[in-house]
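This is what each chain is made of:
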Amino acid sequence: MTKAEIGLIGLGVMGSGLALNMAEKGYPVAVYNRTSARTGEFFEGAGDLRGNLVPCASLKELVAQIRPPRPILLMVQAGKAVDEQIKALRELLSEDDIIIDGGNANFRDTMRRFDELDGSGITFVGMGVSGGAVGARHGPSIMVGGERAAYTRLEPLLTAIAARYRGEPCSAWLGEGGAGHFVKTLHNGIEYADMQMIAEIYGILRDGFGMKAGAIGDIFGRWNGGRLDSYLVGITAEVLATADPATGRPLVDMILDRAGQKGTGRWAAVEAQMMGVPATVIESAVAARSLSAEKTMRVGAASAYGGRTAPAAREPEPAFVDDLELALFAGKIVAYAQGFSVMDEASCGFRWNLPLATIARIWRAGCIIRSQFLDRLALAYDADPDAAHLLLNRDFAAMMSEAHASLRRVVAHAALAGLPVPALSAALGYFDAFRQARGTANLIQGQRDYFGAHGFERTDAEGLHHGPWDSSRAEG
Ligand code: 6PG
């Protein structure tokens, strides 16, 4: 058999899906997994695609099976395992070979790995891949960071395996160094925000109106044909419609209300904070997931504080269901505006020059947050690549002007009913602060000057000023 075009290490869900995807697109792939039983099992299950797969029992064999210069894709667990594989590969690779980390790496680790490999002759690429198992197998969204020339070498393969949106491949080079993994991190932060806001709307219908899962699923299913059309809303409808094979009840009612997290959403919130960019919807979503994990404490608090008011003994009015749809849409606009602001800031800070329109474009298919909405977002950044903020874009301002009254009614309804909507209310709070020409930080400046003589700017004069405070009097 001819030599493989690429090597792939790590045959977990994502790795095996990508290997089969590449083999199917006509790229012979040498594959290796730390436990060789998995390699055998994978190969046996590959059916007709076996002709394009070369199972290898060692790293040395893997390297020998690839045509130089060799691209090798790591699909191992983010963190220590990546460093171990790079260390082992360094001994075996030659000048111009490329190591691609396709896992959910922290972009700061990715930047460190670029530094560590600098001068070694080996090229490193940090590549975000989104789409879960099905995406990996049939077309993910691919976010690449590293040298542009490395992407050019990989481009035919990556565009062949990537998802397509109306024929356009969802793969792109986004910038040097950690750019690809940073963008994947923000993708996941936004994913958390989308999922949390959907869950909040579900909570209002379940706990505020006592609706059954199936009926709520029907509503999400309807919305999926309109402005909320997206993968996450579509799967929400399906999850809600699914019966538990063991009990026959709605499966969602049998699932514990405690969600895990691997860390990427949290990194998005942390990086936003580090840069001083408000990403309150993402932050709320991450925090809500953390609070979900505190099941025992929540059960205790429910008995300490009592329940909420009982669900309304009626179905929601059609007008309120429309409000819920628009509220979710408004929350989504704010979440994406915040996420893109974080990327915009990082783009300057790390000198990546992130192509925001391209990012929106490669998220339109393949990835978990794929939606129609991203097409409008891409158009907004096409029209104004240096837009200061998405909420100032004319198209988005028009959408938000139409939707924010619904968000307000829904958040108010939930607050009065004692239903938690942390991400939706974060979106509303941010929006109201964002559009407030004269805010309340004048008082904060007064306080800071009072207790710390930090000085404040005046509305009517240049420079830094101090108030005539008698601090000693307040302390006494
Ligand atoms: C994707 C997903 C994927 C995954 C993460 C998030 O884009 O395909 O984001 O990377 O779902 O593991 O998982 P957590 O919810 O565990 O953080």
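Before any of the text, the structure's been laid out above.
Read on for an overview of the structure. (Residues numbered from 1 in each chain as written. Predicted model: local features only at pLDDT ≥ 70, side-chain atom pairs only at ≥ 80, totals over all residues. Heavy atoms only, no water.)

**Section: the overall build of the protein**
Helix and strand counts for the protein stand at 21 helices and 12 strands. Taken over C-alpha atoms, the radius of gyration comes to 25 Å for the protein, in line with the 23 Å a tight globule of 476 residues would show. Each principal axis of the C-alpha distribution contributes one length, and for the protein these read about 80 × 65 × 45 Å. Counted over contacts in the protein with a minimum sequence separation of 6, partners at least 24 positions apart contribute 69%. For the protein, the exposed area adds up to about 22,200 Å²; of that, 53% sits on carbon and sulfur atoms. Measuring between centres, the 47 positive side-chain charges of the protein sit 4 Å from its 54 negative side-chain charges. (Helix = DSSP H or I, 4+ residues; strand = E, 2+ residues; numbered from the N terminus. Rg over C-alpha atoms; globule rule 2.2 N^0.38 Å. Contact = heavy atoms within 4.5 Å. Areas by Shrake-Rupley, 256 points an atom, 1.4 Å probe, with all protein chains shown as cover. Lys, Arg positive; Asp, Glu negative; His and termini not counted. Charge placed at Lys NZ, Arg CZ, Asp CG, Glu CD.)

**Looking at the site of the ligand**
The ligand sits among 14 residues. The nearest are Ser130, Lys184, Glu191, Tyr192 and Arg289. In this structure, glycine 132 approaches the ligand through a main-chain N or O atom, which is 3.2 Å from an oxygen atom. Within the side chain of tyrosine 192, a nitrogen or oxygen atom sits 2.5 Å from an oxygen atom of the ligand. Burial of the ligand by the protein amounts to 81% of the accessible area it has alone, namely 410 Å². In terms of residue class, the shell around the ligand is made up of two nonpolar, eight polar and four charged. (Near = heavy atom within 4 Å. Polar contact = N/O pair within 3.5 Å; in protein donor to acceptor, adjacent residues only side chain to side chain. Nonpolar A, V, L, I, M, F, W, Y, C, P; charged D, E, K, R; others polar.)

**A look at the environment of arginine 108**
For arginine 108, the location among the structural elements is in helix H5 (residues 107-117). For the pair arginine 108 and histidine 181, spaced 73 residues apart in sequence, the C-alpha separation works out to 8.8 Å.

**A few points about helix H13 (residues 280-293)**
Here H13 is 14 residues long and its end C-alpha atoms lie 20 Å apart, about the 20 Å a rise of 1.5 Å per residue gives. All of the buried residues along H13 are Val281, Ile282, Ser284, Ala285, Val286, Ala288, Arg289 and Ser292. If you follow the buried residues of H13, they end up packed against helix H8 (179-208), helix H12 (264-275), helix H14 (295-305), helix H15 (318-349) and helix H19 (422-434). (Expected span 1.5 Å × (residues − 1). Buried < 20%, exposed > 50% of the residue type's maximum accessible area, 1.4 Å probe, protein only.)

**Details of the pattern of salt bridges**
Going through the model one piece at a time under the given rule, you end up with 28 salt bridges. Between arginine 112 and aspartate 83 there is a salt bridge; the shortest N-O distance is 3.1 Å. Residue arginine 112 is found in helix H5, and its partner aspartate 83 is found in helix H4 (residues 80-90); the two are separated by 29 residues along the sequence. In this structure aspartate 83 comes out as partly exposed when scored by relative accessible area, which is 24%. Put simply, arginine 361 and aspartate 382 hold a salt bridge, and the shortest N to O gap is 2.3 Å. With a gap of 21 residues between them, arginine 361 in helix H16 (residues 356-362) and aspartate 382 in helix H17 (residues 373-383) connect regions that are remote in the sequence. Among the charged side chains, a salt-bridge network with shared partners connects Asp83, Asp101, Asp109, Arg112, Arg113 and Glu116. (Salt bridge = Lys/Arg side-chain N within 4 Å of Asp/Glu carboxyl O.)

**Section: the nonpolar core**
Counting 97 residues, the largest nonpolar core has Phe220, Trp223, Phe340, Met343, Trp363 and Leu377 as its most contacted members. Ranked by the residues each element gives to this core, the list is headed by H15, at 17 residues. With residues up to four places along the chain from it excluded, the contact list for phenylalanine 340 reads Ile190, Leu356, Ile359, Ala360, Trp363, Leu377 and Tyr381. Grouped together as the second largest cluster of nonpolar side chains are 34 residues, Leu18, Leu53, Leu73 and Val125 included. (Core = buried A, V, L, I, M, F, W, Y, C linked by side-chain atoms within 4.5 Å.)

**Digging into the packing of H13 against H19**
One can describe the packing of H13 onto H19 by two numbers: an axis separation of 8 Å at closest approach and a directional angle of 160°. By the angle class used here, H13 and H19 are roughly antiparallel. Of the two elements, H13 crosses H19, and the hand of that crossing is right-handed. Each of Thr280, Val281, Ser284 and Ala288 in H13 lies in contact with H19, whose residues at this interface are Pro422, Ala423, Ala426, Ala427 and Tyr430. Residue classes in the contact of H13 with H19 are distributed as seven nonpolar, two polar and no charged. (Axes fitted to C-alpha atoms, helices over the stretch in contact; angles between N-to-C directions. Parallel < 35°, antiparallel > 145°, perpendicular 65-115°, else oblique. Left-handed = near helix turned anticlockwise from the far one by under 90°.)

**Looking at the packing of aromatic side chains**
Under the definition given, this model contains 17 aromatic pairs. With a centroid separation of 5.4 Å and 90° between ring planes, the pair formed by phenylalanine 107 and phenylalanine 350 is classed as edge-to-face. Here phenylalanine 350 lies in the loop between H15 and H16 and phenylalanine 107 lies in helix H5, a separation of 243 residues in the sequence. In this structure phenylalanine 350 comes out as partly exposed when scored by relative accessible area, which is 27%. (Phe/Tyr/Trp six-rings, centres within 6.5 Å; stacked < 30°, edge-to-face > 60°.)

**Some words on the pairing of strand E10 (residues 171-175)**
Within E10, five of the five residues are buried, which leaves it mostly tucked inside the rest of the structure. Of the pairings in the sheet, the one linking strand E7 (residues 141-146) to E10 comprises four bridges and is parallel in character. Looking at the pairing, isoleucine 142 lines up with serine 171 of E10. (Pairing = 2+ DSSP bridges.)

**A short note on H19**
Spanning 13 residues, H19 covers 18 Å between terminal C-alpha atoms, matching the ideal 18 Å at 1.5 Å per step. Where H19 is concerned, the buried positions are Ala423, Leu424, Ala426, Ala427, Leu428, Tyr430 and Phe431. Those residues of H19 that are buried lie in contact with H8, H13, H15 and helix H18 (394-417).

**Description of the pairing of strand E5 (residues 98-101)**
Side chains of E5 alternate between two faces, with Ile98 and Ile100 and Ile99 and Asp101 buried alike. Pairing analysis gives four bridges linking strand E4 (residues 71-74) to E5, with the strands arranged parallel. Counted as the bridge partner of proline 71 is isoleucine 98 from E5. Judged from the four bridges that link them, E5 and strand E6 (residues 123-130) form a sheet pairing that is parallel.

**Focus on the side chain of serine 130**
Relative to the helices and strands, serine 130 is located in strand E6. Under the relative-accessibility criterion, serine 130 is labelled buried at 2%. Within the structure, the side chain of serine 130 is placed 3.2 Å from the side chain of histidine 187, a separation counted as a polar contact. Ignoring anything within four residues of it in the chain, the contact list for serine 130 reads Pro140, Ser141, Met143, Lys184, His187, Gly366, Cys367 and Ile368.

From the geometry alone we can't say anything about function, so treat these as descriptive.
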